[in-house]
Amino acid sequence: MAVKITDICICCDSCIDECPTNSIVDESENPNGDNIYFVDNETCTECIGNNPNPTCAEACPTEGCIVWDNPKTENKIHGQACED
Ligand code: SF4
Ligand code: SF4
């Protein structure tokens, strides 16, 4: 699963500029067509090495909106996509 924005997202824009890897897009670019923000897990690092928790989740005012399943795989720490 990695990092995921769930359907309780209120599109407040608080997370997007906090992401160090520009992995978050707004609802207009959500590839699933959902009216919520979206995390690209190909580029998301889960903030490992920068922050004990995803920075986006700490910035999000909607409790439980951003969920994750750290830790990432070793491969992903080095910038490769996770198989799952
Ligand atoms: S966990 Fe970190 S890298 Fe991933 S989307 Fe959130 S802020 Fe960006
Ligand atoms: S901070 Fe939370 S509620 Fe706001 S846009 Fe990001 S995921 Fe959605």
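Residues numbered from 1 in each chain as written. Chains lettered and ligands numbered in written order. Predicted model: local features only at pLDDT ≥ 70, side-chain atom pairs only at ≥ 80, totals over all residues.

### Things to note about the overall build of the protein chain
Here comes step 1: On a plain count of helices and strands, the protein chain comes out with 2 helices and 4 strands.
Here comes step 2: Within the protein chain, the fraction of its 84 residues that count as buried is 25%.
Here comes step 3: Contacts in the protein chain between residues at least 24 apart in sequence constitute 58% of all its contacts with a sequence separation of at least 6. (Helix = DSSP H or I, 4+ residues; strand = E, 2+ residues; numbered from the N terminus. Buried ≥ 20, exposed ≤ 12 C-beta atoms within 10 Å, placed from the backbone. Contact = placed C-beta atoms within 7 Å.)

### Regarding the site of ligand 1
Here comes step 1: For ligand 1, the set of nearby residues contains 15 residues, the closest of which are Cys19, Cys44, Cys47, Pro54 and Cys56.
Here comes step 2: Classifying every residue of the shell around ligand 1 gives 9 nonpolar, 4 polar and 2 charged. (Near = placed C-beta within 6 Å. Nonpolar A, V, L, I, M, F, W, Y, C, P; charged D, E, K, R; others polar.)

### Focus: the site of ligand 2
Here comes step 1: The environment of ligand 2 is formed by 14 residues, the closest being Cys9, Cys12, Ser14, Cys15 and Cys60.
Here comes step 2: Split into classes, the residues belonging to the shell around ligand 2 amount to 11 nonpolar, 2 polar and 1 charged.

### Looking at the confidence of the model for the protein chain
Here comes step 1: For the protein chain, the mean per-residue pLDDT works out to 87, and 81% of the residues sit at or above 70.
Here comes step 2: Taken as a whole, residues 74-84 scores under 50 in pLDDT and shows 10 contacts with residues more than four places along the chain or in a different chain. (pLDDT = per-residue confidence, 0-100.)

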